[in-house]
Amino acid sequence: MEQIKEMMIDYWTQRAPDFSALRQKELSGEKSHLWLAELERYLPKKEKLRILDIGTGTGFFAILLAARGHQVTGIDLTPEMIDEARQTASSLGLAADFQVMDGEKPAFAPGSFDAIVSRNLTWTLPHLEQAYAQWYSLLKPQGVLINFDADYCREEQKELPSHHAHENISSQLWGQYEEMKRKLRPQQRPRPQWDVELLQRAGFHQIAVDQGVWQRLYPKEDAFYNPTPIFAITARA
């Protein structure tokens, strides 16, 4: 399954510039407020949290949270995505820390973070059970994991609205995306039920699933619309 990671790096290397432009538009529009409201629904109510954004991509979550005064580290496996994240944060005058790192094995000391956040990452991880166990060890006691994802390996292909942000993705890249899903699907069980079981095994408690987040974040079919219903899972260390 390590081949999956190489496929992911290749896929996101090709998509990094356009994906960065999309996320910059998202940062400057209504979606940033909607996403921040969802994050703050679950984050501890105190200032200057230490937060790890795993699978940060071009830094969307990390930048949102750094702008709120938190100490944020964003990690991603694809160097080109981290380069884009650094450039965007610098252009906004924000001091988020970005590092190239495997999200399944983050190299930080145990108990380093008040919160871990993630968006559309965990479906791509070939060793999700081990990843959740690693993440548990990185959180302080009562630290929170906030994971937004969907059962992408079982998603139905739906027609996207016209002028959608992904309309220019090449057929080659769509093929790579479908191939990654094909390789991952046999080892995944239906989500988010599977995630709840894995989180329990990792030691997490107060695990909650919110399947209403999709309607709140995507009430209309705009350029940022995600046709696959996402869920939010929160869990305490």
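### Details of the overall build of the chain
Scanning the chain from terminus to terminus reveals 8 helices and 7 strands. Radius of gyration (C-alpha) of the chain: 17 Å, near the 18 Å computed for a compact globule of 237 residues. Dimensions of the chain along its principal axes, counting C-alpha atoms only, are 45 × 40 × 35 Å. Counting all 237 residues of the chain, 53% fall into the buried class. Taking contacts inside the chain between residues at least 6 apart in sequence as the whole, the part at least 24 apart equals 77%. Here the chain contributes 27 positively and 32 negatively charged side chains, and the mean placements of these two sets differ by 5 Å.

### Things to note about the nonpolar core
Among the nonpolar cores identified, the biggest contains 46 residues, and Trp 35 and Ile 230 are the most heavily contacted of them. Broken down by secondary-structure element, the contributors of at least two residues to this core are α1 (2–27), α2 (30–42), α3 (60–66), α4 (79–91), β4 (113–119), β5 (139–149), α6 (171–184) and α8 (213–217). Residues within four places of Trp 35 in sequence aside, it is in contact with Glu 26, Phe 60, Phe 61, Leu 64, Arg 119, Phe 148, Leu 217, Tyr 218 and Ile 230. Listed in part, the 25 residues of the second largest apolar core include Phe 113, Leu 128, Tyr 132 and Ala 235.

### A short note on the packing of aromatic side chains
Using the criterion set out here, one finds 15 aromatic pairs in the structure. Seen in terms of ring centroids, Trp 123 and Tyr 152 are 5.6 Å apart; in terms of plane orientation they differ by 55 degrees. Their pairing is tilted. With Trp 123 in the loop between β4 and α5 (128–138) and Tyr 152 in the loop between β5 and α6, the pair connects residues that are 29 residues apart, well separated along the chain. Exposure remark for Trp 123: the relative accessible area of 7% places this residue in the buried category. By relative accessible area, Tyr 152 is classed as buried at 7%. A ring pair is formed by Tyr 136 and Phe 204, whose centres lie 5.1 Å apart and whose planes are at 80 degrees; its orientation type is edge-to-face. With Tyr 136 in helix α5 and Phe 204 in the loop between α7 (193–202) and β6 (205–210), this residue pair connects regions lying 68 residues apart in the sequence. Each residue in the set Tyr 11, Trp 12, Phe 19, Trp 123, Tyr 152, Trp 174 and Tyr 177 is aromatic and connected to the rest through ring pairs, giving one cluster. Against the face of Phe 60 rests Arg 119, its NZ or CZ located 5.0 Å from the ring centre.

### Points about the pattern of salt bridges
If the charged atoms of two oppositely charged side chains come close together, the side chains can form a pair. With the rule as written, the count across this model stands at 23 salt bridges. The salt bridge involving Glu 30 is made with Lys 220; its shortest N-O contact spans 3.9 Å. Residue Glu 30 is found in helix α2, and its partner Lys 220 is found in the loop between α8 and β7 (231–236); the two are separated by 190 residues along the sequence. The partner of Glu 197 in a salt bridge is Arg 189, and the shortest N-O contact between them spans 2.9 Å. Residues participating in the shared-partner salt-bridge network are Glu 38, Arg 41, Asp 210 and Arg 216.

### Brief notes about the environment of Tyr 11
Residue position: Tyr 11 is located in helix α1. Taking relative accessible area as the criterion, Tyr 11 reaches 3% and is therefore assigned buried. Separated by 16 residues in sequence, Tyr 11 and Leu 27 place their C-alpha atoms 23 Å apart. Setting aside anything within four residues of it in sequence, one finds Tyr 11 in contact with Leu 173, Gln 176, Tyr 177 and Met 180.

### Quick word on unusual backbone geometry
Of note, the amide linkage connecting Arg 191 to Pro 192 takes the cis form, showing an omega dihedral of 15 degrees. Position of Pro 192 relative to the elements: it lies in the loop between α6 and α7. A positive phi angle, near 50 degrees, is found at Gln 206, a position not held by glycine. In this structure, Gln 206 sits in strand β6. Under the relative-accessibility criterion, Gln 206 is labelled exposed at 52%.

About the cut-offs
- Residues numbered from 1 in each chain as written.
- Predicted model: local features only at pLDDT ≥ 70, side-chain atom pairs only at ≥ 80, totals over all residues.
- Heavy atoms only, no water.
- Helix = DSSP H or I, 4+ residues; strand = E, 2+ residues; numbered from the N terminus.
- Rg over C-alpha atoms; globule rule 2.2 N^0.38 Å.
- Buried < 20%, exposed > 50% of the residue type's maximum accessible area, 1.4 Å probe, protein only.
- Contact = heavy atoms within 4.5 Å.
- Lys, Arg positive; Asp, Glu negative; His and termini not counted.
- Charge placed at Lys NZ, Arg CZ, Asp CG, Glu CD.
- Core = buried A, V, L, I, M, F, W, Y, C linked by side-chain atoms within 4.5 Å.
- Phe/Tyr/Trp six-rings, centres within 6.5 Å; stacked < 30°, edge-to-face > 60°.
- Lys NZ or Arg CZ within 6 Å of the ring centre and 35° of its normal.
- Salt bridge = Lys/Arg side-chain N within 4 Å of Asp/Glu carboxyl O.

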